[in-house]
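Listed below are the residues making up each chain.
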Amino acid sequence: QVQLVESGGGLVQTGMSLRLSCAVSGTIFSYITVMGWYRQAPGKQRELVAAITTGGGTNYADSVKGRFTISRNNAKNTVNLEMNSRRPRETDVYYCTIRRFAHDYWGQGTQVNVSP
C-alpha cells in the first residue's frame, strides 16, 4: 500500500524559511515518475506549487519561482520542499503527491501558517 506522510509544517514568520518533507513508502521509488507539492487555501482550489520528475526536471508555480526549491532523495524515499521568503498569503495546507503507473497518490496534508 502506497503511503505518503508529510512533515515540517507549522508556523513561520513572513520572510523566513520552512522545509517540508514527504516520506513515501509501499512502492519502489524508481517506479515513481513525478513527485510534487500542491497547496490549498480555505475556499480555494488546490494548486501546484512545484514538481520534479525522475530525471530531475522541475516545474514551479510562477509565484514561488526563485523562492522555493523542490528536491527528491532517492536513498531516503523522500521529496522535499524548501520554502524561503514566505509571504503572508501563503498560509495553506500543503499536500505531497506522486504519480506511479499513471495513478496519483496524495498525502494527508500539512498546515503551514505564515504570521505577519
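The structure reproduced in this document is the subject of the present report. Just so it is clear, the model here is predicted, and its values are computed rather than measured.

1. Some thoughts on the side chain of Asp92
Reasoning step 1: Relative to the elements of secondary structure, Asp92 occurs in strand β9 (residues 92-100).
Reasoning step 2: Look at Asp92 and you get buried, because its relative accessible area is 5%.
Reasoning step 3: Apart from the residues lying within four places of it in its own chain, the contact partners of Asp92 are Arg39, Gln40, Ala41, Thr110, Gln111 and Val112.

2. Here we look at the packing of aromatic side chains
Reasoning step 1: Scanning all chains against the criterion turns up 2 aromatic pairs.
Reasoning step 2: Here Tyr31 and Phe101 contribute two aromatic rings whose centre-to-centre distance is 5.1 Å and whose plane-to-plane angle is 45 degrees, an arrangement assigned as tilted. With Tyr31 in the loop between β3 (18-25) and β4 (32-40) and Phe101 in the loop between β9 and β10 (103-106), the pair connects residues that are 70 residues apart, well separated along the chain.
Reasoning step 3: Consider the rings of Tyr38 and Trp106, whose centres lie 5.1 Å apart with planes at 70 degrees: the pair is edge-to-face. Residue Tyr38 is located in strand β4, and its partner Trp106 is located in strand β10; the two are separated by 68 residues in the primary sequence.
Reasoning step 4: Of the residues examined, Trp106 reaches a relative accessible area of 35% and is grouped as partly exposed.

3. Some words on the pairing of strand β7 (residues 68-73)
Side-chain positions along a regular strand alternate between the two faces of the sheet.
Reasoning step 1: Residues of β7 alternate between two faces, with Phe68, Ile70 and Arg72 buried on one and Thr69, Ser71 and Asn73 left unburied on the opposite face.
Reasoning step 2: The turn joining β7 and strand β8 (residues 78-83), which pair antiparallel and follow one another in sequence, is formed by 4 residues; a positive phi near 55 degrees is taken by Asn77.

4. Some thoughts on the nonpolar core
Reasoning step 1: Membership of the largest hydrophobic core comes to 27 residues, with the highest contact counts inside it found for Trp37, Leu81 and Tyr94.
Reasoning step 2: Listed by contribution, the elements that provide at least two residues to this core are β3, β4, β5 (47-53), β7, β8, β9 and β11 (110-115).
Reasoning step 3: Broken down by element, this core gets its largest block of residues, 4 residues, from β3.

5. Focus: the sheet that holds β8
Reasoning step 1: Taken together, the 4 strands give an open sheet; going across it, the order is β1-β3-β8-β7, and neighbouring strands pair in antiparallel fashion. Of all strands in the sheet, those with a lone pairing partner are β1 (3-7) and β7, marking the two edges. Each adjacent strand pair in this sheet contributes to an overall mean axis angle of 15 degrees, direction not counted.
Reasoning step 2: Relative to β8, β3 runs antiparallel, the two sharing 6 bridges. Counted as the bridge partner of Cys22 is Val79 from β8.

6. Focus on a nonpolar patch on the surface
Reasoning step 1: Where nonpolar side chains cluster on the molecular surface, the patch consists of Ile28, Tyr31 and Phe101 and spans about 320 Å² of accessible area.
Reasoning step 2: Residue classification places Phe101 among the exposed residues on the basis of a relative accessible area of 55%.

7. Focus on unusual backbone geometry
Reasoning step 1: Of note in the backbone geometry, Asn77 takes a positive phi value of approximately 55 degrees without being a glycine.
Reasoning step 2: Within the secondary structure, Asn77 sits in the loop between β7 and β8.
Reasoning step 3: Judged by relative accessible area, Asn77 falls into the partly exposed class, the value being 22%.
Reasoning step 4: Its identity as a non-glycine residue notwithstanding, Ala102 has a phi of 65 degrees, on the positive side.
Reasoning step 5: Considering the arrangement of structural elements, one finds Ala102 in the loop between β9 and β10.

Calculation notes
Residues numbered from 1 in each chain as written. Predicted model: local features only at pLDDT ≥ 70, side-chain atom pairs only at ≥ 80, totals over all residues. Heavy atoms only, no water. Helix = DSSP H or I, 4+ residues; strand = E, 2+ residues; numbered from the N terminus. Buried < 20%, exposed > 50% of the residue type's maximum accessible area, 1.4 Å probe, protein only. Contact = heavy atoms within 4.5 Å. Phe/Tyr/Trp six-rings, centres within 6.5 Å; stacked < 30°, edge-to-face > 60°. Pairing = 2+ DSSP bridges. Core = buried A, V, L, I, M, F, W, Y, C linked by side-chain atoms within 4.5 Å. Axes fitted to C-alpha atoms, helices over the stretch in contact; angles between N-to-C directions. Patch = residues over 30% accessible without salt bridge, like charges linked within 9 Å, V, L, I, M, F, W, Y side chains within 5 Å. Areas by Shrake-Rupley, 256 points an atom, 1.4 Å probe, with all protein chains shown as cover. Salt bridge = Lys/Arg side-chain N within 4 Å of Asp/Glu carboxyl O.

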